[in-house]
Amino acid sequence: MSDSDDNANNLPDGQMENGHISVDSQFNFSRERQPGTNQASDQFDIDLPTSHRYLGKLDNVTGYTFYDDGEIATLAAIQTNTLVFPGFTLPLVLNNDLEINMLQRHTSKKNAFVLLTPDKTFKGFFTYGVIMEIFETHLRNSVLYLKARSRQRCRLVPGKEIKTLIGELYQVTVEVKLEPPPTSPLCNTQLNSLKIRKLFNCTEYREFYKYRKFRLFHLSQFPLASWVYDKHEICFLHHKLVNALSNYYLIEFIPEDPVQLSYWFVQNFQLRHEERLRIMVLRTAVERLRLELKYLNMKRLICCAKCDAEIAQHTNVFPMSKDGVQSNYCNPEGYVFETVTVSKATNFTLFGSPSAQFSWFPGYSWTIMHCKMCSSHLGWKFSSVNLKPAVFYGLAKSGFDIKIVKEEPEPL
């Protein structure tokens, strides 16, 4: 097969595998008649992938797990090759009885575990991870299906043993790292005469611009230009990053909260593994946003991880999920794939017949993609005759690398 082949396993009109389009969705659906046919086409509901309905019906887990900043906790840990930042969901499938029993025993009191991520070499554990809270689970036919949401960053406590329980299940001791509240770098150093007039402590860019006169008065006592201090204001960084991201993504999908944006960026912008690890280490949203602005000015290509063949351009990336262009999905064998959706792809061949079974995108059939040059696994082609877009591609993060073509100078 070539990359122009379209062997979609056509589903009956209106039928959707493992899900349906909700009539009360916040998204509007347009129905367009195809020339020469009586068939209608619906816009895909991007809420569906976030629910992971291919896992089947799960039971809600009650309770809420939260740790204080600096608290030391000993928890079960699971290793995957994916990264999950606070606010995002991880689906899991466990089909080993011993692993299931061990995980259930360690999460019986607190429905939480640590997600470990590989280091730069993919040969060991990175020192930082996230605490995941289980919010849905179900044991069916000796297979445990669950969904967990990332709550808090944590760090492996140095000197503490990482104990192997069974398989990819471990016991670790971590220190919880909470997000400090964002503050202006000038709040605690402002002149008393200016505090009487106006205390500079804004959280939105329009306030930052409105009170700029008072800011300039205050900055006159410091030797550097005002734009140097602007680069440490969270509202200024948020405004600048949103404007830049609007060239790639729809503005309604970009979070308004600066802290959420700093995590959303990592899950949506195409970064190298070591770049994502570097962001995970940073303690504050200001530090993350500053580094992300630097990464945003680098032109990137999506290339085969094995032979460097170009697969897609960054401009081809688009969201098929409410979470963004990059999400975690799980296959029936329990392997988690961090998947990026693109509208166009090249240098690939298709392997096998289209299938709608366990489809991550309800209503679409998937076909395996291999690199045309080296035959390594790249991802999947998704196709449907009932939904728009009719075709898109899900690229597995494990199958491609990000190649930086050119670094543009950062504008002042």
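Worth saying up front: this structure is predicted, and the values here are computed from it rather than measured.

A. How the structure looks around the overall build of the protein chain. On a plain count of helices and strands, the protein chain comes out with ten helices and 20 strands. Within the protein chain, the proportion of its 412 residues that are buried is 50%. Partitioning the contacts of the protein chain with sequence separation of at least 6, the portion at a separation of at least 24 is 65%. Element-wise, carbon and sulfur atoms account for 49% of the exposed surface of the protein chain, whose accessible area totals about 20200 Å².

B. Region of the structure containing the side chain of His 238. Assignment of secondary structure puts His 238 in helix α7 (residues 234-245). Separated by 2.9 Å, the side chain of His 238 and the backbone oxygen of Glu 256 make a polar contact. Contacts of His 238, omitting those with residues within four sequence positions, involve Pro 255, Glu 256, Asp 257, Pro 258, Leu 261 and Leu 289.

C. The pattern of salt bridges, seen in detail. On inspection of all chains with the given rule, the structure shows seven salt bridges. Lys 322 is the partner of Asp 47 in a salt bridge, and the nearest nitrogen-oxygen pair spans 3.8 Å. Highlighted residues: Asp 47 in the loop between β2 (40-43) and α1 (48-51) and Lys 322 in the loop between β12 (310-313) and β13 (326-330), separated in sequence by 275 residues. Under the relative-accessibility criterion, Asp 47 is labelled partly exposed at 23%. A salt bridge links Lys 147 to Glu 136; the nearest nitrogen and oxygen atoms lie 3.0 Å apart. Taken together, the residues span a long stretch of sequence, with Lys 147 in strand β8 (residues 143-156) and Glu 136 in strand β7 (residues 128-140) at a distance of eleven residues. With a relative accessible area of 6%, Lys 147 lands in the buried category.

D. Layout of the packing of aromatic side chains. By the definition in use, this model includes 19 aromatic pairs. Centre to centre, the rings of Phe 125 and Tyr 170 are 5.2 Å apart; their planes meet at 80 degrees, and the pair counts as edge-to-face. Of this pair, Phe 125 sits in the loop between β6 (112-116) and β7 while Tyr 170 sits in strand β10 (residues 169-177); the two residues are 45 residues apart in sequence, bridging distant segments of the chain. Judged by its relative accessible area of 24%, Phe 125 is partly exposed. Pairing Phe 361 with Phe 382 gives two aromatic rings, centres 4.9 Å apart and planes at 75 degrees, and the pair type is edge-to-face. Pair noted here: Phe 361 is in the loop between β15 (348-355) and β16 (365-371) and Phe 382 is in strand β17 (residues 377-383), with a separation of 21 residues, a long-range link. Residue classification places Phe 361 among the buried positions, given a relative accessible area of 0%. Judged by its relative accessible area of 1%, Phe 382 is buried. In this structure an aromatic cluster arises from ring pairing among Phe 44, Phe 318, Tyr 329, Tyr 335, Phe 337, Trp 360, Phe 361, Tyr 364, Trp 380, Phe 382 and Phe 392. The residue whose ring lies beneath Arg 149 is Phe 135, and the NZ or CZ to ring-centre distance is 4.0 Å.

E. Focus on the sheet that holds β15. Read from one edge to the other, the open sheet built from six strands follows the order β13-β14-β19-β17-β16-β15, with strand pairing classed as antiparallel. Looking along the sheet, the strands with just one partner apiece sit at the ends: β13 and β15. The sheet shows a mean angle of 35 degrees between the axes of neighbouring strands, direction not considered. In this sheet, β17 lies alongside β16 in antiparallel orientation, the contact comprising six bridges. Directly across from Met 369, in β17, lies its bridge partner Gly 379.

F. Inspection of the pairing of β12 at higher detail. Here strand β11 (residues 298-304) pairs with β12 via three bridges, running antiparallel. When the bridges of β12 are listed, Leu 301 appears paired with Gln 313. Linking two consecutive strands that pair antiparallel, namely β11 and β12, is a turn of five residues; a positive phi of about 70 degrees is found at Asp 308 within it.

G. Region of interest: the packing of α7 against helix α8 (residues 258-268). Remark: α7 packs on α8, axes separated minimally by 10 Å, with the N-to-C direction vectors making an angle of 45 degrees. In terms of axis orientation, α7 runs oblique to α8. The way α7 lies across α8 gives a crossing that is left-handed. Contact residues: α7 offers Ile 234, His 238, Leu 241, Val 242 and Leu 245, while α8 offers Pro 258, Leu 261, Trp 264 and Phe 265.

H. Seen up close, helix α10 (residues 285-296). For α10, built from twelve residues, the straight-helix expectation of 16 Å at 1.5 Å per residue is met to within 8% by its first-to-last C-alpha distance of 16 Å. The buried count for α10 comes to nine of twelve residues, which makes it a mostly enclosed element. Where α10 is concerned, the buried positions are Ala 285, Val 286, Arg 288, Leu 289, Leu 291, Glu 292, Leu 293, Tyr 295 and Leu 296. Packed against the buried residues of α10 are α7, α8, α9 (273-281) and β11.

I. Focus on the state of the cysteines. Applying the stated rule across the entire model yields zero disulfides. A disulfide-free cysteine, Cys 304 has its sulfur positioned 3.6 Å from the sulfur of Cys 374, the nearest such atom. Here Cys 304 falls in the buried class, since its relative accessible area comes to 0%.

About the cut-offs
Residues numbered from 1 in each chain as written. Predicted model: local features only at pLDDT ≥ 70, side-chain atom pairs only at ≥ 80, totals over all residues. Heavy atoms only, no water. Helix = DSSP H or I, 4+ residues; strand = E, 2+ residues; numbered from the N terminus. Buried < 20%, exposed > 50% of the residue type's maximum accessible area, 1.4 Å probe, protein only. Contact = heavy atoms within 4.5 Å. Areas by Shrake-Rupley, 256 points an atom, 1.4 Å probe, with all protein chains shown as cover. Polar contact = N/O pair within 3.5 Å; in protein donor to acceptor, adjacent residues only side chain to side chain. Salt bridge = Lys/Arg side-chain N within 4 Å of Asp/Glu carboxyl O. Phe/Tyr/Trp six-rings, centres within 6.5 Å; stacked < 30°, edge-to-face > 60°. Lys NZ or Arg CZ within 6 Å of the ring centre and 35° of its normal. Pairing = 2+ DSSP bridges. Axes fitted to C-alpha atoms, helices over the stretch in contact; angles between N-to-C directions. Parallel < 35°, antiparallel > 145°, perpendicular 65-115°, else oblique. Left-handed = near helix turned anticlockwise from the far one by under 90°. Expected span 1.5 Å × (residues − 1). Disulfide = S-S within 2.5 Å.

Honestly, it's all geometry; don't read function into it.
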